[in-house]
Amino acid sequence: MKNFTLALLLSFFTYSLSAQFTSVEGTDLNWNDPDTWVDAQVPNLGPGAPQNLRTITIPEGSFVLLDGDITSLANLELYIAGSLSINNLTANNNLLVDVADGGVFTVKGDITYRNNTQIIVNGELFADSVVVSTSGSNATGCIGGSGSIRSNDEDGTAPWVPENIVIPCLGMENPFPVIALAEPGLEHAATTDNIELFWTTAKEDNSAFFTIQRSTDNAKWLPVGNILEAAGERTAYEFTDEYPFEGTSWYRLRLTDINGKFSFSEVEEASWTAKDLNFKVLKDPGTWTIRFPVIGQYIVEAYTLHGRRILVDQVEQTVTMPAPDGAVVIRVTNNKERTASRVVM
């Protein structure tokens, strides 16, 4: 890791010495004060900054405070051996953050990136979340290092979910906890009312809690619950998703350790059907009738494929609407707040 850091530093100097900014020795330094920086050159990282490579170095023993945000359009490299505190970090292209052993990087809000991000933490990083501001093949990034990554709350272990990030960075040892599940891993059982998840740990080492995550497209994930780890050698767990999605969903476990680091389990695919939400659409000339097999309390909405709502009504079993010109999305919600959506031609 030392060799990697040395090579990284050498690459900084090779790219652009003129863009190198190094803070002076000392503590309690103000980012916006010219005396903080060599040659009094305060780094300008706002949207109007020049698009040359910018390498910002916070040396060991220096504490630099920016009561504001860093916003970079391209090619920002931050090397932090001392301490740097900012409000938010936003980068459009090519962000590299390297927090050295003993270094502390505090982001009071979010780290938001768009393309090509690498975050290497051998010291400590604090942030509310790491957020992808776009989708697509270029929204890539990785996290690596042997340090701690924590959130800003009191216990420092609240989950924050980076998307489209690879853990660890290519060629680096994985410093993140490994979910050691006994065979057959994460399982599920679908009942009339819910989906039940089961798993057993084979080993637990400095772990804190599981977050159960669910996705409707196996790409974007949302938390549906948390379970504290029992801190045993082998422990069986179960979790009930009381409000599953109609149709196919995917589940995974996110394990967070005592340092706030995390990793994910393999994905489990599950299908669930609520009998009272299996509505039928009866088509007559000029009208459609939506009918439910079970009498209850339903909110029925219909949208065009462009998102314009053409129907909203609360019914017990049937509702009639004018026949639409084309396909619509029909969305129903029952009194248990379970929701099903279907495209009807």
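Description of the structure in this document. Because the structure is a prediction, the values reported are computed rather than measured.

Read from one edge of the open sheet, six strands run β2-β4-β7-β9-β11-β14, paired in parallel fashion. Two strands close off the open sheet at either side, each with one partner strand: β2 (29-30) and β14 (148-150). Here β2 pairs with strand β4 (residues 63-65) via two bridges, running parallel. Looking at β4, one finds that L29 is bridged to V64.

Residue P184 is reached from E183 by a cis peptide bond, and omega for that bond is 10 degrees. Here P184 shows up in the loop between β16 (180-181) and β17 (187-190). One non-glycine residue, N94, lies in positive phi territory at about 60 degrees. For N94, the location among the structural elements is in strand β8 (residues 88-99). Since its relative accessible area comes to 34%, N94 is described here as partly exposed.

Attention now moves to the sheet that holds strand β27 (residues 298-304). Pairing within the open sheet is antiparallel, and its four strands lie in the order β28-β27-β30-β31. Edge positions in the sheet fall to β28 (309-315) and β31 (339-344), since each of these pairs with one other strand and no more. Across the sheet, the axes of successive neighbouring strands diverge by a mean angle of 15 degrees, strand direction being ignored. Pairing between β27 and strand β30 (residues 328-334): seven bridges, direction antiparallel. Pairing of T304 across the sheet is with V328, part of β30.

Calculation notes
Counting starts from 1 at the beginning of each chain's written sequence and moves along it residue by residue. Predicted model: local features are reported for residues with pLDDT of at least 70 only, side-chain atom pairs are reported and counted for 80 or more only, and whole-chain, interface and lining totals are derived from all residues. In computing side-chain properties, one takes all heavy atoms of the structure into account and sets aside hydrogens as well as water. Each pair of strands is called paired provided DSSP finds at least two bridges between the two strands. In this description a helix means any DSSP run of H or I spanning at least four residues, a strand means any run of E spanning at least two, and both kinds are numbered starting from the N terminus. Each residue's exposure class comes from its accessible area (1.4 Å probe, protein chains only) as a fraction of the maximum for that residue type: buried when under 20%, exposed when over 50%, partly exposed otherwise. Only the stretch in contact is used when a helix axis is fitted, and all axes are lines through C-alpha atoms; the angle between N-to-C directions ranges over 0 to 180 degrees.

So, to be careful, I would describe these as geometric facts and stop short of saying anything about function.
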